[in-house]
Amino acid sequence: MRLPITILSIIFIFITSCSNKNYFDNTLVYFCDAEQLSPNKKHFIHNGIKFGGAKGFTSEEAYEGEYSCRLDSNLQYGFQKTIDNLVPGEIITVSVYRKSSDWNSQGFLTIKSEDNSFYENQKFSFSGKDKNGWEHLIFDVQVPNKLDKIKSLMVLVVNNNHKEEVIYFDNLLIQRTTLINKQSNFTQEKEYGIEPLKIQLSDVDYEKLFAMRDSAIYQKVISDNFKKYVSGLLLYNGESFPIAIRLKGDWTDHLIGSKWSFRIKIRQGQSFMGLRQFSIQRPETRNFLDEWVVHEICNDEDILSNRYRFHPVELNGHSLGVYAIEEHFTKQLVESKKRREGPILKFNETGFWECNLYVKKHNKWPLNKAMYEAANILPFKQNRTLTSPSLKSQFLIAQNLMLKYKNGSPDINNYLEVDNLAKAYAIMTTSNVEHAFQWHNQRFYYNPVTSKLELIVFDCFSNPGETTHRMPKIYGNSKAGTHKLEPSLYSPFQVFNNPEFQKKYITYLKKYSSPEYLDSFFTSKKIKIASLEKLISIDYPGYQYDESLFRQNAQKINS
């Protein structure tokens, strides 16, 4: 979203009146508009501050003024600014405007240390393009508490495309906010119109989370040893709930800035909003309302999925802004959908994340690692499941059924709820959420009444831009004998060998992609979508859910 000229003018006036260190509200600001070059033409200059990347200086395009920074296949790096004298725990917010000749631009805004031990980037814009084709990239990072080898950080723009993409960047803005204490937050207090969820942690327990977060940032993957629970309280609507809380997520995008993702358990048999265990994460982690819409369709069609909502959160009295709340895999999930309690199962992902950690460390994939083949089948709430005679008995049956699924047994009617699975796959296809089909994201509920497995739709979002431009796959639409799939792909898609499943899938695909269905759905959700847009836009000005992207995807499927 484009900042109003008046706001930029205030920033410019303030910067003009200061030297290289420009502080307001504990914030140091650097700004480069690409309008001026140094005498030797090697640097951009703004108010006496030098920025690298001046080889890209061009008058072909500009977001504001007359000039910008141009990158193409012959020039990979643009705007560059080194940040020295780092303060442990400080927040660095970086933003830039980008215009590209490619719909799926590979133009990145990046911040990194010299040895790449600290590295974050962003190529997606939640607010989309303006009428002139410019889009705003913005994100924040929090400097680790233990700097170790990090002496400085570099902010730069990168063309990561080896094709003929031309990318323009303009108005690079860097803001460094030094916190009064590590539990302070850069988010200003705002009026959300609803009471926030208030999390209270002791200093000792917060320090434990901070240390695990730091270690995960350096490792670049949040492995299990950084997911240890600490104790706290959750306060809401005059009630106090004892909780256990830990870091949540796999990749460290869940730890960007000081708005981290958390997994929360309500203790002592209590529940909060009907939930015993849930996650909270940034709305953009699952692309704002895109994830919510898929869950709403599943709920309307009686397909199992997590309950998903949005709410402001405070931590130790400091606002963290709006979070997405996602239900975890407990008996409350299935009971809320009028199913009888039964085990919820998944494939063990440990090997998958060990391989990803290896890639992060060695920049290559480990050879001969059979992640999927070696993945055993685990129940959620393992202690409770294995100590309850009835649940343990059900789990052993369910485990056998899931092994049939894993091995591609053709008699799917004997171990899968075929109608429910066809509905779920059709919804996921219409939503263009290929991510949800991956084996390590699949969760199954064992229905003790039918003695079959039901898929729980989970992690169902597309990255910004993908829904509009990536042709959705109509799965199973291949000629026999013309393709081969590795085992980890075979299991989710071998169900298309079953004629009954094929027929049901196509029937539901036609239903969910039809204009009549979508008209009815979006009309029924109109008021709720508007309310959530209003809440989310308090933290993300200009955000609007674009249902046309969903409709365009459905139209492609119909055609």
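Above this text is the structure in question.
Computed from a prediction, not measured in an experiment: that's the story for all the values here. (Residues numbered from 1 in each chain as written. Predicted model: local features only at pLDDT ≥ 70, side-chain atom pairs only at ≥ 80, totals over all residues. Heavy atoms only, no water.)

A. Fine view of the nonpolar core. Residues Leu-289, Phe-310, Leu-416, Tyr-425 and Phe-501 are the most contacted members of the largest nonpolar core, which totals 73 residues. For this core, the leading source of residues is helix 9 (residues 418-430), giving eight residues. Not counting residues up to four positions away in its chain, the partners in contact with Phe-310 are Pro-283, Phe-288, Leu-289, Trp-292, Val-322, Tyr-323, Ala-324, Leu-532, Leu-535 and Ile-536. Leu-71, Leu-247, Trp-260 and Phe-272 belong to the second largest nonpolar core, which has 64 residues in total. (Core = buried A, V, L, I, M, F, W, Y, C linked by side-chain atoms within 4.5 Å. Buried < 20%, exposed > 50% of the residue type's maximum accessible area, 1.4 Å probe, protein only. Helix = DSSP H or I, 4+ residues; strand = E, 2+ residues; numbered from the N terminus. Contact = heavy atoms within 4.5 Å.)

B. Quick peek at the packing of helix 13 (residues 515-524) against helix 15 (residues 547-558). Contact geometry for helix 13 and helix 15: axes closest at 11 Å, N-to-C directions at 160 degrees. Put simply, helix 13 runs roughly antiparallel to helix 15. Along this stretch, helix 13 crosses helix 15, giving a crossing that reads as right-handed. Where helix 13 abuts helix 15, its residues Pro-515, Leu-518, Asp-519 and Phe-522 lie against Glu-547, Phe-550, Arg-551, Ala-554 and Asn-558. (Axes fitted to C-alpha atoms, helices over the stretch in contact; angles between N-to-C directions. Parallel < 35°, antiparallel > 145°, perpendicular 65-115°, else oblique. Left-handed = near helix turned anticlockwise from the far one by under 90°.)

C. Spatial organisation of the sheet that holds strand 22 (residues 377-379). Overall, antiparallel pairing links the four strands, which are arranged 22-21-23-24 in an open sheet. Two strands bound the open sheet, and with one partner strand each, they are strand 22 and strand 24 (452-456). On average, each strand axis in the sheet is tilted by 35 degrees relative to the strand beside it, whichever way the strands run. In this structure, strand 23 (residues 443-447) lies alongside strand 24, joined through five bridges in antiparallel fashion. Across the sheet, residue Arg-443 finds its bridge partner in strand 24, namely Ile-456. Against the sheet, helix 8 (residues 389-406) contacts strand 21 (344-347), strand 22, strand 23 and strand 24, and its axis sits at roughly 40 degrees relative to strand 21. (Pairing = 2+ DSSP bridges.)

D. How the structure looks around the packing of aromatic side chains. Counted under the stated rule, the structure contains 34 aromatic pairs. Within the aromatic cluster, the residues linked to one another by ring pairs are Tyr-425, Phe-437, Phe-493, Phe-496, Phe-501 and Tyr-505. Above the plane of the ring of Tyr-323 lies Lys-259, whose end atom (NZ or CZ) is 5.3 Å from the centre. (Phe/Tyr/Trp six-rings, centres within 6.5 Å; stacked < 30°, edge-to-face > 60°. Lys NZ or Arg CZ within 6 Å of the ring centre and 35° of its normal.)

E. Local environment of the pairing of strand 24. Where burial is concerned, most of strand 24 is hidden: four out of the five residues are buried. Where strand 23 hands over to strand 24, the hairpin turn is made up of four residues, of which Ser-451 adopts a positive phi near 55 degrees.

F. Molecular detail of the pairing of strand 18 (residues 277-281). When you tally the buried positions in strand 18, you get five out of five residues, the bulk of the element. Side chains Gln-277, Ser-279 and Gln-281 project from strand 18 onto one buried face, and the interleaved Phe-278 and Ile-280 project onto a second face that is buried too. Sheet analysis places strand 18 next to strand 20 (residues 318-327), joined by four bridges and oriented antiparallel. The residue bridging Phe-278 from the neighbouring strand is Glu-327, located in strand 20.

G. Structural view of the side chain of Thr-285. You can see Thr-285 is positioned in the loop between strand 18 and helix 3 (289-300). Taking the relative accessible area as the measure of exposure, Thr-285 reaches 13% and is therefore buried. Those residues within four positions of Thr-285 in sequence are excluded, and the remaining contacts are His-254 and Phe-461.

H. Up close: the side chain of Lys-81. The topology assignment puts Lys-81 in strand 7 (residues 77-83). One buried charged side chain, Lys-81, makes no salt bridge at all; its nearest oppositely charged neighbour is Asp-84, positioned 6.9 Å away. Excluding anything up to four places from it in sequence, Lys-81 contacts Tyr-30, Ile-49, Lys-50, Phe-51, Leu-153, Met-154, Val-155 and Ile-174. (Lys, Arg positive; Asp, Glu negative; His and termini not counted. Salt bridge = Lys/Arg side-chain N within 4 Å of Asp/Glu carboxyl O.)

I. Spatial organisation of the pattern of salt bridges. For the coordinates displayed, the defined rule picks out 25 salt bridges. A salt bridge links Arg-70 to Glu-60, with the shortest nitrogen-to-oxygen separation between them at 2.8 Å. Taken together, the residues Arg-70 in strand 6 (residues 68-71) and Glu-60 in the loop between strand 5 (57-58) and strand 6 connect sequence positions ten residues apart. A relative accessible area of 23% places Arg-70 in the partly exposed class. The partner of Arg-551 in a salt bridge is Glu-547, and the shortest N-O contact between them spans 2.9 Å. In this pair, Arg-551 and Glu-547 both sit in helix 15, four residues apart, roughly one turn of the helix.

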